[in-house]
Amino acid sequence: MPRQRDTGSVTEPNKDAASGLTPRLRFPEFHRNEAWRLTALSEVLSEHGLRSDGESEVHSVSLTSGVVPQVEHMGRSFAAANTSHYSLVRPFDIVYTRSPLAIFRLGIVKQHRRSHNAIVSPLYGVFSPVNRHVGQLIEAFFDSPERSVALLDPLAQKGAKNTIQLSNERFLSGRIYLPDDEREQQKISDCLTSLDEVIAAQKRKVEALKAHKKGLMQHLFPQEGQTLPRLRFPEFRDEPEWEEKPAGEFFANRKEDGEEGLPIYSVTVNDGMVPRASFDRDFYDIEDPAGNKKACRGDIAYNMMRMWQGAQGVAPEDCLVSPAYVVLAPNDGAWPKFFEYLFKLPQSLHLLTAHSRGLTKDRLRLYFDDFARMPLRAPDPDEQQCIADCLASLDAAIVAAADALATLKAHKKGLTQGLFPSPEEIA
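Residues numbered from 1 in each chain as written. Predicted model: local features only at pLDDT ≥ 70, side-chain atom pairs only at ≥ 80, totals over all residues. Heavy atoms only, no water.

A count of helical and extended segments in the protein chain gives eleven helices and 26 strands. Residues classed as buried in the protein chain amount to 47% of the 427 residues present. Intrachain contacts of the protein chain at a sequence separation of at least 6 include 71% that bridge at least 24 residues. Accessible surface, the protein chain: about 21,900 Å² in total, of which carbon and sulfur atoms supply 50%. (Helix = DSSP H or I, 4+ residues; strand = E, 2+ residues; numbered from the N terminus. Buried < 20%, exposed > 50% of the residue type's maximum accessible area, 1.4 Å probe, protein only. Contact = heavy atoms within 4.5 Å. Areas by Shrake-Rupley, 256 points an atom, 1.4 Å probe, with all protein chains shown as cover.)

A few words now on the packing of helix H6 (residues 182-220) against helix H11 (residues 381-419). In contact at an axis separation of 10 Å, H6 and H11 are set at 165 degrees when each is read in the N-to-C sense. The orientation of H6 with respect to H11, classified from their angle, is roughly antiparallel. Once H6 is placed against H11, the crossing between them reads as left-handed. Split by residue class, the contact of H6 with H11 holds 24 nonpolar, four polar and seven charged. (Axes fitted to C-alpha atoms, helices over the stretch in contact; angles between N-to-C directions. Parallel < 35°, antiparallel > 145°, perpendicular 65-115°, else oblique. Left-handed = near helix turned anticlockwise from the far one by under 90°. Nonpolar A, V, L, I, M, F, W, Y, C, P; charged D, E, K, R; others polar.)

Bringing the side chain of Ser128 into the picture now. Tracing the backbone shows Ser128 in strand E13 (residues 125-129). Overall, Ser128 belongs to the buried group, its relative accessible area being 12%. Side chain to side chain, Ser128 and Arg90 meet in a polar contact 2.9 Å long. Contact partners of Ser128, with chain neighbours within four places excluded, come to Val44, Leu45, Ser46, His48, Arg90 and Asp93. (Polar contact = N/O pair within 3.5 Å; in protein donor to acceptor, adjacent residues only side chain to side chain.)

Looking now at the sheet that holds strand E23 (residues 312-314). The pairing of strands in a sheet happens through backbone hydrogen bonds and is either parallel or antiparallel. The four strands lie next to each other as E18-E25-E22-E23, forming an open sheet whose pairing is antiparallel. Here the strands that pair on one side only, and so sit at the sheet edges, are strand E18 (251-254) and E23. Across the sheet, the mean angle separating the axes of adjacent strands is 30 degrees when strand polarity is ignored. Together, E18, strand E22 (300-303), E23 and strand E25 (325-330) form the strand contacts of helix H8 (residues 336-343), whose direction differs from that of E23 by roughly 160 degrees. (Pairing = 2+ DSSP bridges.)

Next up on the list: the packing of aromatic side chains. A ring pair, where both rings are aromatic, is described by two values, the distance of the centres and the angle of the planes. This model, assessed by the stated rule, comprises 16 aromatic pairs. Judged by centre distance (6.4 Å) and plane angle (45 degrees), the ring pair of Phe251 and Phe343 falls under tilted. Placement of Phe251 in strand E18 and of Phe343 in helix H8 is noted, with a sequence separation of 92 residues between them. Taken as a pair, Phe251 and Phe343 share a single burial class, namely buried. A cation over a ring is seen here: Arg132 above Phe92, with NZ or CZ 5.7 Å from the ring centre. The aromatic ring of Phe27 is capped on one face by Lys187, whose charged end is 5.4 Å from the ring centroid. (Phe/Tyr/Trp six-rings, centres within 6.5 Å; stacked < 30°, edge-to-face > 60°. Lys NZ or Arg CZ within 6 Å of the ring centre and 35° of its normal.)

A word on the nonpolar core. With 78 residues, the main nonpolar core has Phe171, Phe221, Phe339 and Phe371 as its most contacted residues. Excluding residues within four positions of it along the chain, Phe371 makes contact with Ala247, Phe251, Tyr302, Leu328, Phe343, Leu352 and Leu366. Of all hydrophobic cores here, the second largest spans eleven residues; its members include Val267, Ala295, Ala301 and Ala315. (Core = buried A, V, L, I, M, F, W, Y, C linked by side-chain atoms within 4.5 Å.)

This brings us to the sheet that holds E13. The four strands are arranged E6-E13-E10-E11 in an open sheet whose pairing can be described as antiparallel. Only two strands of the sheet have a single neighbouring strand rather than two, namely strand E6 (45-46) and strand E11 (109-111). In this sheet, E13 lies alongside strand E10 (residues 94-96) in antiparallel orientation, the contact comprising three bridges. In the sheet register, Val95 faces E13, and the bridge partner there is Val126. Each of E6, E10, E11 and E13 is contacted by helix H3 (residues 132-142), which is oriented at about 150 degrees to E11, the strand it contacts most.

Following this line, the structure appears as structure tokens:
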């Protein structure tokens, strides 16, 4: 791994008189090398201008996945019927999208890492690097929103209606600091590749855990029209079939007004109950506690305006929730965490939607009286708890794996920050 320089400041890059720069992090064998030189992209990238070969698949350019087949990334192709004018992308080529994203408002830059040719929209810029290592360094440079905007913003031109225009020629006129020694380029590239491989493996682990949970849930709950799940814990295999009851026998409608001093929670589709402080307070908060509803620990709160999306969760403590939510207080015989998982099943979402009122999907409302008549099938509370505990432990494993992935990404971000100058030092 690279290490910080032994001389001078370790927090500020070292510039020499010839406008070179020595990064804070550098592999030991290159400490005596010349400083990195401010290099025009046109010196290391060239526009080959090749068009579709008539065989290659249409690709998209993703912030997280790079240059990836469009069908794999988006589920289907959105390409024009005739793709003969699409740009050809060869292995290790650099693609500049120009398409604005939230924090990359001037587009993203990615290297094609796969071993086959691809074609992309003719609106994108496609460039060949002098070697694949330089291409990866350029991608790593543009992976930082701050560096990307600092370099591209002065090059962009505003068109009609304030649209942003940045030609391939102007893009190539941008300058970044790069090492001239190809051995150093390769060393950095290999380091980043190794880290990318570890990150990719951790990402696959997260996705595998999520897929395992999704499949397990389909087996731990009965399919539509069935009275027993495919999988049952050994201690419950001789128990009766799951009994169907109206939802009103499992839950009561809690209508208590808010109280001073209780935390405010929101309901999210993916994460269930989340402290309201996680959101924009100006948009979400109702400052008067009496304007909110009280939910007690173990209650299920759901957003009756978005129930078909699965926006519901179990309250982790006594709290306040929006008056747009219905608060379900569990009766004897109802284990709330079990029902939180049950309500996320596709067949449950279809059932909840079917019992909602409204003229259009966007105006559907699921009121408690309609919910109370809805048929729900569940085992006895002990089996409910066993299923809920199993899925909760799997959720904990997913969270731990996702946290490890976030740590690896943060490590890569910190590493690349040490390998490139700060945005204000780009000339």
